[in-house]
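Next come the chains, spelled out residue by residue.
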Amino acid sequence: MVTDTLKDRICSVLARIDTVAGRTGRSGKDITLIAVSKTHPLELILEAVRTGLISQLGENKVQEGQEKISRWPSDMTAKAAWHLIGHLQNNKARKALEYFDFIQSVDSEKLAASLQRILSESNHSMPVLMEVNCSGEAQKSGIPMDKAKELALFIAEKCPLLQFKGLMTVGPLGGNEQKIREAFSNTFKLKEQLTPVIGYPLPILSMGMSDDFEWAIEEGSTMVRIGTAIFGARKYPEQREAL
Ligand SMILES: *Cc1c(COP(=O)(O)O)cnc(C)c1O
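What counts, and where the lines are drawn
Residues numbered from 1 in each chain as written. Predicted model: local features only at pLDDT ≥ 70, side-chain atom pairs only at ≥ 80, totals over all residues. Heavy atoms only, no water. Near = heavy atom within 4 Å. Polar contact = N/O pair within 3.5 Å; in protein donor to acceptor, adjacent residues only side chain to side chain. 1 Å grid on protein atoms, 1.4 Å probe; cavity = no way out; pocket = protein on both sides within 12 Å on 5 of 7 lines; lining within 4 Å. Sits in = over half its atoms within 2 Å of the grid points. Buried < 20%, exposed > 50% of the residue type's maximum accessible area, 1.4 Å probe, protein only. Helix = DSSP H or I, 4+ residues; strand = E, 2+ residues; numbered from the N terminus. Pairing = 2+ DSSP bridges. Contact = heavy atoms within 4.5 Å. Axes fitted to C-alpha atoms, helices over the stretch in contact; angles between N-to-C directions. Parallel < 35°, antiparallel > 145°, perpendicular 65-115°, else oblique. Left-handed = near helix turned anticlockwise from the far one by under 90°. Nonpolar A, V, L, I, M, F, W, Y, C, P; charged D, E, K, R; others polar.

Enquirer: How would you sum up the site of the ligand? Please name residues and give values.
Expert: Around the ligand sit Val36, Lys38, Ile85, Val170, Met209, Ser210, Arg225, Ile226, Gly227, Thr228 and Arg234, and that is every residue in its neighbourhood. In the model, a nitrogen atom of the ligand is placed 2.9 Å from a nitrogen or oxygen of the arginine 225 side chain. At a separation of 2.7 Å, an oxygen atom of the ligand approaches a polar side-chain atom of arginine 234. Counting atoms within 2 Å of the grid points, the majority share of the ligand lands in the largest pocket.

So, in structure tokens, the structure goes:
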């Protein structure tokens, strides 16, 4: 067989993570791999989890995540944690809390307050990350860097049922290495600067995707979100129709 199997691709990503983590004095075990399964069918996701190498999955849309999560086979012993990594609209907050295990995209006081209010009905809590827009690109979601301290303080002080674990960011798209590293480095520095502001350290920095995760790890990432390098290119409905 000349084509890589899914397991080969996962092993290759894990080996690359291990190598680069080693260069920063850490080990691959210090970096959490989120397999981003958006647009891919549940069958392929199950195959990835059955390798025993994947236990954390990422989806960027509540509806798509819900469809997959609710079809998870009940006889499957391997469990996976589902991370919501895409922008969350206020009116989908309840659904997101119902289905997902981790919300990485808290980017406004309004959303944080909604999540807190819904959680308080049942006194459950949810681990979250605050999404920051490290590139300043207008089309990107995430709180602007210069507003991040204020939002972090709001989450830490006003939202006790949100377990505030750290930051998430998407690097500049199509930027050069220097620009991408700079944006990642600024996000790492922001995370460090938040410790005295909120009174405790944030353990998680979710940054790095298929094309930039090695730079992200070198700049301090502790969690990478990888889709294409594991599952292959995404097929969106428009593209399928065009074939
Ligand atoms: C799609 C997506 C990823 C994964 O991107 P790849 O380039 O396929 O690895 C990571 N993070 C977010 C927020 C995404 O939407």
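Still more to cover.
Enquirer: Explain the pairing of strand S1 (residues 32–36) to me, and be specific about the residues and the numbers.
Expert: The buried fraction of S1 is high, at four of five residues. Sheet analysis places S1 next to strand S9 (residues 223–226), joined by four bridges and oriented parallel. Looking at the pairing, leucine 33 lines up with valine 224 of S9. Direction of pairing for S1 relative to strand S2 (residues 56–59): parallel, over a ladder of two bridges. In the sheet register, valine 36 faces S2, and the bridge partner there is glycine 58.

Enquirer: Break down the environment of leucine 44 for me, with residues and values.
Expert: Relative to the helices and strands, leucine 44 resides in helix H2 (residues 42–50). Discounting residues that sit within four places of it in the chain, leucine 44 has contacts with Leu6 and Phe231.

Enquirer: Help me get a handle on the packing of helix H5 (residues 109–122) against helix H6 (residues 148–158), residues and values and all.
Expert: Taken N-terminus to C-terminus, the directions of H5 and H6 make an angle of 15°; their axes are 10 Å apart at the nearest point. As far as their axial angle goes, H6 and H5 are roughly parallel. The way H5 lies across H6 gives a crossing that is right-handed. Contacts between H5 and H6 involve Glu109, Ala112, Ala113 and Gln116 from the first element and Glu150, Leu151, Phe154, Ile155 and Lys158 from the second. Partitioning the contact of H5 with H6 into residue classes produces five nonpolar, one polar and three charged.

These figures come from the coordinates and say nothing about function on their own.
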